[in-house]
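These are the residues of each chain, in order.
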Amino acid sequence: MSGLDLSIGMGDVGIAVLQELWNKVAFQTMGLVSETRDVLFEKDSFLEFSRSISELNILLSSLNAQKVENALGLESTREVLTTLNQQLKKASKIIKDYKCGSRLRLLLKSHSILLQMEHLSKDIAKTISSFQLVNLDTAMNLNTMTSQIINNLGSMEFRSAAATEKVASEMESSLSENMKNRENAKKLLEKIAEAVGARPSASLVQNELALLKQEKEAMEALNMQAEALQLSQLIEFLYSTDVVTRPVDEETASTHHQLYPIGSFICQLCKKMMTDPVAIHCGHSFEREAIQEHFGRGEMNCPTCRQELSSLELTPNLLLRNSIEEWNDRDMDFKFQAAVAGIKSSDHSQQDKALEDLQLFLERPRYVTKAADEGLATKLVVILKDDRVNAGAALKCLYYLAKYNDDQKEAIVLAGGIRRIVKHICKGGNECYALAVLLKLSEKESLAEKMGNTKDCIPLVVSLLHIDNPDVSQKASKVLQNLSSNIHFVVKMAEAGHFQPFVARFNNAAGETRTLMAAALVKMQLKENNIDELREQQFIHKLIQMLSSSSPASKSACLKCIKKLVAHHKIVERLLEDAVTIPHLLGLISFNKFDPQLKQGAAEILTKLIGDSEQFEQPKYQGLQELQSKHNVSLLLEIITSAEDQTKIQFLHLLVELSSKSEIARDLIRTDNDAIAQLFSSLYSDHPEVRRCSMKLIYCISEGHPDGVPLPTSPEKETAITNLASILINSPDTEERSAAAGIISQLPRNDSSIDEILRKSDALKAIHGVICSMDDDISGNIGSSDQGTSLLENALAALLRYTEPSKPDLQRQLGKLELYPSLVRVLTRGSSLAKRRTATALAQLSLSTSRSFSDENVMSQQTKPSMPFFLKNVSSMWCCSASSHNYSSCSVHGDACSPRDAFCLVKADAVRPLVMTLSDTESGVAEAALMALETMLIDHSRRPQSTAAIVDSQGVAAILQVLDKGSVSAKTKALELFQKILLHTKIGVPLMQKFERILIQLLSDDDLKKKAALTLRQMGIIPEQSSYF
């Protein structure tokens, strides 16, 4: 007989036990993977979990217990395996429960089950990581798999679908409200059926009822009353749908006995807890309304004992009522304590349920006191930090605490409640409940102070003012109103875009406070809707009154504030409407002798007010009428005489704006000889802006005036003109040159001494250079685009002096320059104003030539000169080129129009550009071009050739366009030119039909109908004798 093999040591036994445990864990993973295959809800989450557990099974199968034991030690490995085994068993049980039983109950519990699974996944991940399998000497792929399993399980989220959560929420709401409405119950049943993937049929309801009743009995047997009550509620809900009929032998009262253990408190008629119990003659008690309905149906017996009653008198059962109320109070207290325990729990699902219950309790002040004793305010504020808990219910609870107990307000704030509520709203939480809490807290002044100082609180509440929900916006408005007693908070509101409290406080504030508020307003960003609040009449008046303050700081803040506000036209209107605005600003200018900044600020504001005023000359604004008085204009002129440069510049800007709007002011300045002398002397200033502004003012008072520029008396007059020419010629500043050219264009026309000064200067060469610079590819030669355009326009205006037919000496000087090609190019490249002035210059040049040709033709019929008359007079004036050789014949004038001999629109290639310019609808452009083209027809002897040149350049079609879209004056000139063209050329039928249609339309225009009729008669459309003539 062989003996026992005692060579097997304890270590080997331990390894064997460990290996068996290892196998159990591996087997458990396989079972768990199998369990997850056919879950009912949230299959994606369970499928992801199943994959990770399946990978864990593969990992365990690839390792052996001994290798792990060698790395960790026997006891550690056994502990980890035991823990993992228990966790896997727990997961398996949860999944089994999730798969079986009533689908309604599973749907209701899905959220809490998924939370359990999420926590359990993280626990399993933590347990696996404690194996430290990645540290074992294993293949790289097993290490990677281990890390992946841990990461997947640790980050796994089991989330209900939004639709599932919504249905579960509706179910909870229905059960808590004891829903009896059949239609609502049916609708909810349809949603439930859809969520569980079934049809809302009687079969579904029957199956669910059978399962729910079984589960309810099991819960009652285990004395799990809360679960049994919930199942009873689900049963009642299914019966309330009327999809199936309740069995006769199934007493509804049983449900109520579960809800209310003392049966005598339940009315046998309505099956509800009695609130107004009354006794009948036999001694039984019922709910008053229920027994009255019973007697109302003609019943004369007791519903309980069936005894015939001799009297239907009802007696209040005060003893029973008191008992019921006492029982209710005890029951409420019990439930309140359960809710408190749930709030203090770390389980989120319990907290959610407790919050739902607690908000109902806190509607009663006595439970607010109990909640305060429990210190719930702090706990509720902490709950707000957790996104997984119903923050809306927590806020509602905080609202009741703040509403019924002032001390709780302090507790909420002390716990950081304001900051938490602000963050809650920022994250898109329930604004209504959050604002309700803030509103209650803000009613206490000391807490309002803390609220206003809480970061982002005021801007956030302001942002809720314009939300679509009226309840939210009203609450936000009330919160801000409670904070408005603090001036700093009012400023914060304005900075956030809410100006009503700011305006109200400003209107009633003392001087120093207004100064601070005005200074704060200067730094704010303003939008149009803010301006609507700030243009309030009293606010504007109070602001203006600060200008008369004795405090320099107040005046300075006021000026800066007004300067910011006048950027908005609505504020300008309100300032002008206030009769004291301009007098106060003028007073600041008149009586302030020590602070040039205040003067400059006042002048800048006046400049803006004048610039934005649309009815300056009308007596609508009294202040503007005062501003253009002789006294005030003289005051402004006196300042530019004596002030330092910066102040002088600002007042020159003011006078330019005033002169551009007021003819009275222009005339007052023109007639002030000292002021004119001062303006021209300012052209020698070392400060370029002083020179520019002075020239702008001179131009402004000269433009359009029949006498042109008001010049100082000689010899200052000659000096002034020479200086203007020098600036145009030599200044490197484009704006200065432009202003000088503009003034030169406005110099008195009939003063030959001015012509002589200009002729002797190089002004014309400078004008030539500006016009030719348009051909230069380097745009920097004439400054920025706007300034360059202005310089070109003003240079062309100055050129018109040289092209006047009455100034042959200046025309002769012009003829020596090769200017015409560049001048013609302006017609295609320049601005509308540049085109108009160019066309006018070409018209004047062509007019002089055409008249010369016409005069010569008249004389040639009387005599036969050896040399054409016009050549004796103008041969050196009208050359298109400096060359005296190689000229070619002109299609209109022949050899008589050589570049050496005369200016000609045809030879200058100006006809087609002029025709193209007719399409420019800007004021005056087409008129000037038509005037230039018409000069070609002055010489009757060459009209056929001139007409042909115009027609060949598409002139007829362009005239048609003017008649269709041009101004009245342009159409008038177009008709006159067209009538002359008709005499010498034949126009095609299609084009004539278009002319006919447009001319007939013009017959309805009082200003044009006679000319249109004459043209139609010329075309043979209407008879000689017509009512239009």
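As a reminder, the structure under discussion sits directly above these lines.
What counts and how
Residues numbered from 1 in each chain as written. Predicted model: local features only at pLDDT ≥ 70, side-chain atom pairs only at ≥ 80, totals over all residues. Heavy atoms only, no water. Helix = DSSP H or I, 4+ residues; strand = E, 2+ residues; numbered from the N terminus. Buried < 20%, exposed > 50% of the residue type's maximum accessible area, 1.4 Å probe, protein only. Contact = heavy atoms within 4.5 Å. Areas by Shrake-Rupley, 256 points an atom, 1.4 Å probe, with all protein chains shown as cover. Phe/Tyr/Trp six-rings, centres within 6.5 Å; stacked < 30°, edge-to-face > 60°. Lys NZ or Arg CZ within 6 Å of the ring centre and 35° of its normal. Axes fitted to C-alpha atoms, helices over the stretch in contact; angles between N-to-C directions. Parallel < 35°, antiparallel > 145°, perpendicular 65-115°, else oblique. Left-handed = near helix turned anticlockwise from the far one by under 90°. Nonpolar A, V, L, I, M, F, W, Y, C, P; charged D, E, K, R; others polar. Salt bridge = Lys/Arg side-chain N within 4 Å of Asp/Glu carboxyl O. Expected span 1.5 Å × (residues − 1). Pairing = 2+ DSSP bridges. Core = buried A, V, L, I, M, F, W, Y, C linked by side-chain atoms within 4.5 Å.

Caption draft 1: A look at the overall build of the chain. The helix and strand tally for the chain stands at 54 helices and three strands. A total of 1029 residues make up the chain; the buried ones form 49% of that total. The long-range share in the chain, meaning contacts at least 24 apart out of those at least 6 apart in sequence, stands at 68%. Total accessible area on the chain stands at roughly 49600 Å², and carbon and sulfur atoms take up 49% of it.

Caption draft 2: Structural context of unusual backbone geometry. Here the amide bond leading from Ser714 into Pro715 is cis, since omega sits at 5 degrees, within 30 degrees of zero. Structurally, Pro715 can be placed in the loop between α38 (688–702) and α39 (716–730). One non-glycine residue, Lys271, lies in the positive phi region at around 60 degrees. Tracing the chain through its elements places Lys271 in the loop between α11 (253–259) and β1 (277–279). A positive phi angle is found at Asp456, which is not glycine, with a value near 70 degrees. As for its position among the elements, Asp456 is in the loop between α21 (445–453) and α22 (457–463).

Caption draft 3: The arrangement of the environment of Glu445 in detail. Along the polypeptide, Glu445 turns up in helix α21. For Glu445, a relative accessible area of 65% translates into the label exposed. Sequence separation between Glu445 and Asn482 is 37 residues; the distance between their C-alpha atoms is 8.2 Å.

Caption draft 4: Examining the packing of aromatic side chains more closely. For the coordinates displayed, the defined rule picks out twelve aromatic pairs. For the pair Phe499 and Phe502, a centre-to-centre distance of 6.1 Å together with 75 degrees between the ring planes defines the contact as edge-to-face. Accessibility classification places Phe499 together with Phe502 in one group, the buried group. Here the aromatic cluster, defined as three or more aromatic residues joined through ring pairs, consists of Phe499, Phe502, Phe506 and Phe539. Positioned over the ring face of Phe506 is Arg514, at 5.6 Å from the centre of the ring.

Caption draft 5: The arrangement of the packing of helix α52 (residues 968–982) against helix α54 (residues 1009–1018) in detail. Where α52 contacts α54, the axes come no closer than 10 Å and their chain directions differ by 15 degrees. For the element pair α52 / α54, the angle class is roughly parallel. Of the two elements, α52 crosses α54, and the hand of that crossing is left-handed. The segment α52 lies against α54, with Thr972, Leu975, Glu976, Phe978, Gln979 and Leu982 engaging Lys1011, Ala1012, Leu1014, Thr1015 and Gln1018. Of the residues that constitute the contact of α52 with α54, the class distribution is five nonpolar, four polar and two charged.

Caption draft 6: How the structure looks around the side chain of Thr1015. Tracing the sequence through the fold places Thr1015 in helix α54. On the basis of relative accessibility, which here comes to 0%, the residue Thr1015 falls in the buried class.

Caption draft 7: Quick look at the pattern of salt bridges. All chains considered together, the criterion is met by 36 salt bridges. In this structure, Lys335 engages Asp331 in a salt bridge whose closest nitrogen and oxygen atoms are separated by 3.2 Å. Within this pair, Lys335 and its partner Asp331 are both found in helix α13 (residues 318–344), separated by four residues, close to a single helical turn. For Lys335, a relative accessible area of 44% puts it in the partly exposed group. With a closest N to O distance of 2.8 Å, Lys570 and Asp532 form a salt bridge. Pair noted here: Lys570 is in helix α30 (residues 569–577) and Asp532 is in helix α27 (residues 528–534), with a separation of 38 residues, a long-range link. We classify Lys570 as partly exposed; its relative accessible area is 33%. Given a relative accessible area of 43%, Asp532 falls into the partly exposed group. Residues participating in the shared-partner salt-bridge network are Glu689, Arg692, Lys696, Asp733 and Glu735.

Caption draft 8: How the structure looks around helix α29 (residues 552–565). In this model, α29 (14 residues) spans 20 Å end to end at C-alpha, consistent with the 20 Å of a helix rising 1.5 Å per residue. For α29, the complete set of buried residues consists of Ser554, Ala557, Cys558, Leu559, Cys561, Ile562 and Leu565. Taken together, the buried residues of α29 touch α26 (511–522), α27, α28 (537–545), α30, α31 (581–591) and α32 (596–612).

Caption draft 9: The arrangement of the sheet that holds β1 in detail. Spatial ordering of the open sheet is given by β2-β1-β3, a layout of three strands whose pairing is antiparallel. Where the open sheet ends on each side, the last strands, each with one partner, are β2 (285–287) and β3 (315–316). Sheet topology places β1 next to β3; two bridges connect them, and they run antiparallel. Each bridged residue has a counterpart across the sheet, and for Ala279 the counterpart in β3 is Thr315. Strands β1, β2 and β3 of the sheet are contacted by helix α12 (residues 288–296), whose axis makes an angle of about 95 degrees with β2.

Caption draft 10: Representation of the nonpolar core. Judged by nonpolar contacts, the single largest core of 168 residues is most densely connected at Phe502, Leu521, Phe539, Leu799, Leu914 and Ile959. In terms of residues, this core owes the most to one element, helix α43 (residues 785–803), which gives eight residues. Once residues within four sequence positions are removed from consideration, Phe539 is found in contact with Phe502, Val503, Phe506, Asn507, Leu521, Leu534 and Leu565. By size, the runner-up hydrophobic cluster in this structure holds 59 residues, among which are Met332, Leu355, Leu398 and Leu460.

Caption draft 11: Representation of the packing of helix α35 (residues 645–661) against α38 in the model. Between α35 and α38, whose axes approach to 9 Å, the crossing angle comes to 20 degrees. Put simply, α35 runs roughly parallel to α38. Both α35 and α38 take part in a crossing whose hand is left-handed. Where α35 approaches α38, its residues Asp645, Lys648, Ile649, Leu652, His653, Leu655, Val656, Ser659 and Ser660 are matched on the opposing element by Glu689, Val690, Cys693, Ser694, Lys696, Leu697, Cys700 and Ile701. Across the contact of α35 with α38, the residue classes tally to nine nonpolar, four polar and four charged.

Caption draft 12: Highlighting the environment of His893. Position of His893 among the secondary structure elements: in the loop between α47 (869–874) and α48 (911–917). For the pair His893 and Cys904, spaced eleven residues apart in sequence, the C-alpha to C-alpha distance is 8.5 Å.

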